[in-house]
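The residues making up each chain are set out below.
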Amino acid sequence: MADDNSQRVALVTGASRGIGAAIGYALAQAGRHVVLCARDQDKLDQVKQQIESTGGSASVHTCDVSDGEAVTALVESVAGEHGRLDILVNNAGITRDNLLLRMTDDEFDAVMQTNMRSVFVACRAVLRPMMRGKFGRIVNIGSVAGLVGNAGQTNYAAAKAAIAGFTRSLAREMAAKKITANVVAPGFIETEMTDVLPDKVKELAKGATPVGRFGLPDDIAACVAFLSSDQAGYITGQVVAVDGGMTMC
Ligand code: NAP
């Protein structure tokens, strides 16, 4: 099935760097108008300029996704401005790693608020515009930590596992409306999030990755671009690990 001829509009959170920026480029290359969201306006502007320099179409909205009202307002404003919202990629995420014995309430709550609650609010807000358009692609970015756990990341793994259960339930609710919802669960990807990890942790991660290298943001973006295409309409409620084989069973 060929893509709809009119330009689909995609909203990508956490698009100022790393995986989210790569998703922005990939969706723009696929012909979408991409709305880039994060907190850092300057970095968003740089991503927008790069997309436009290669002939793509993008705009920028700053938003802190831990603020539910701001997320709802963002979705409404994008849908209002463009008269449609076809694709949502919930990618914004943070880590606040600590062993559970030492984990503070703030570390737990911050990760749940930014990584999970934002997904609930954004997905709820896009359903009406997607139902009006009789089309929708929702891709939520999970993590292999949500599948197999990771010491020091009980908060992060809980949020990412919750995203998987949430997305499967949403997929069941919306399947008949031509709206799909899937999770992409990255393995160890080279970004600012993983740059800060000690070398020992990086070596362990590489050793646990059968393909023998760290992933790149483009590895994740390619999968998101496919799951958000018209051709992926028969794939819903799935958690796709893009992890170099780390979690194969
Ligand atoms: P990153 O380089 O740290 O980028 C995180 C992005 O999220 C940035 O654009 C940041 O922009 C944005 N963000 C953070 N808090 C936000 C907030 N409150 N409101 C709006 N935007 C916010 O991380 P990454 O590695 O690209 O990770 C992207 C996603 O992949 C995350 O969900 C992460 O959990 C997941 N993931 C990453 C890996 C990996 O190995 N890198 C593995 C598994 C899963 P601002 O700071 O400008 O707001």
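This text goes with the structure placed above it.
Since this is a predicted model, take the numbers as computed values, not measurements.

Visitor: It is not clear to me how the pairing of strand β2 (residues 33–38) should be interpreted in this structure. Could you clarify?
Guide: Successive residues of a regular strand alternate their side chains across the two faces of the sheet. Where burial is concerned, most of β2 is hidden: six out of the six residues are buried. Burial of the side chains of β2 extends over both faces: H33, V35 and C37 are buried on one face and V34, L36 and A38 on the other. Both strand β1 (residues 9–13) and β2 contribute to a ladder of five bridges, which runs parallel. Looking at β2, one finds that V12 is bridged to L36. Considered for its hand, the β-α-β crossover made up of β1, helix α1 (residues 18–29) and β2 is right-handed. In this sheet, strand β3 (residues 57–62) lies alongside β2 in parallel orientation, the contact comprising six bridges. Note on β3: the bridge partner recorded for L36 is V60. Handedness of the crossover is the feature at issue here: the chain leaves β2, passes through helix α2 (residues 41–53), returns alongside β3, and the resulting connection is right-handed.

Visitor: Just checking my understanding: could you explain the site of the ligand for this structure?
Guide: Taken together, 30 residues surround the ligand, and among them S16, R39, N91, Y156 and T191 come closest. Taking 870 Å² as the accessible area of the ligand by itself, protein coverage stands at 96%. Judged by the fraction of its atoms near the pocket grid, the ligand is located in the largest pocket. Secondary-structure elements contributing two or more residues to the shell around the ligand are α1, α6 (154–174) and α7 (192–195). For the shell around the ligand, the element with the most residues is α7, which contributes three residues. Taken together, the residues that form the shell around the ligand break down as 13 nonpolar, eleven polar and six charged.

Visitor: I tried to follow helix α3 (residues 68–82) on my own but got confused; where do I start?
Guide: Along an α-helix, a turn takes 3.6 residues, which lines up residues three or four apart on a common side. Between its first and last C-alpha atoms α3 spans 21 Å; for 15 residues at 1.5 Å apiece the expected length is 21 Å, and the two agree. Where α3 is concerned, the buried positions are G68, V71, L74, V75, V78 and A79. Looking straight down α3, one finds that the buried residues subtend no more than 120° of arc, so they occupy a single side. For α3, the exposed residues lying more than 90 degrees away from the buried face are E69, E76, G80 and E81.

Visitor: Help me understand the pattern of salt bridges, please; the structure alone is not making it clear to me.
Guide: Oppositely charged side chains can pair when the atoms bearing their charge come close. If you walk through the whole model with that rule in mind, you get six salt bridges. The salt bridge partner of R8 is D230, with a shortest N-O separation of 2.9 Å. Remark: D230 occurs in the loop between α9 (217–227) and β7 (239–242) and R8 occurs in the segment before β1; sequence separation between them is 222 residues. Overall, the relative accessible area of 5% leaves R8 in the buried class. Between D86 and R84 there is a salt bridge whose closest N-O contact spans 2.9 Å. Here D86 falls in the buried class, since its relative accessible area comes to 3%. A cluster of three or more residues bridged by salt bridges with shared partners is formed by R8, R84, D86 and D230.

So, how was this worked out
Residues numbered from 1 in each chain as written. Predicted model: local features only at pLDDT ≥ 70, side-chain atom pairs only at ≥ 80, totals over all residues. Heavy atoms only, no water. Buried < 20%, exposed > 50% of the residue type's maximum accessible area, 1.4 Å probe, protein only. Helix = DSSP H or I, 4+ residues; strand = E, 2+ residues; numbered from the N terminus. Pairing = 2+ DSSP bridges. Right-handed = clockwise from strand over helix to strand, strands pointing away. Near = heavy atom within 4 Å. Areas by Shrake-Rupley, 256 points an atom, 1.4 Å probe, with all protein chains shown as cover. 1 Å grid on protein atoms, 1.4 Å probe; cavity = no way out; pocket = protein on both sides within 12 Å on 5 of 7 lines; lining within 4 Å. Sits in = over half its atoms within 2 Å of the grid points. Nonpolar A, V, L, I, M, F, W, Y, C, P; charged D, E, K, R; others polar. Expected span 1.5 Å × (residues − 1). Arc of directions from axis to C-beta. Salt bridge = Lys/Arg side-chain N within 4 Å of Asp/Glu carboxyl O.

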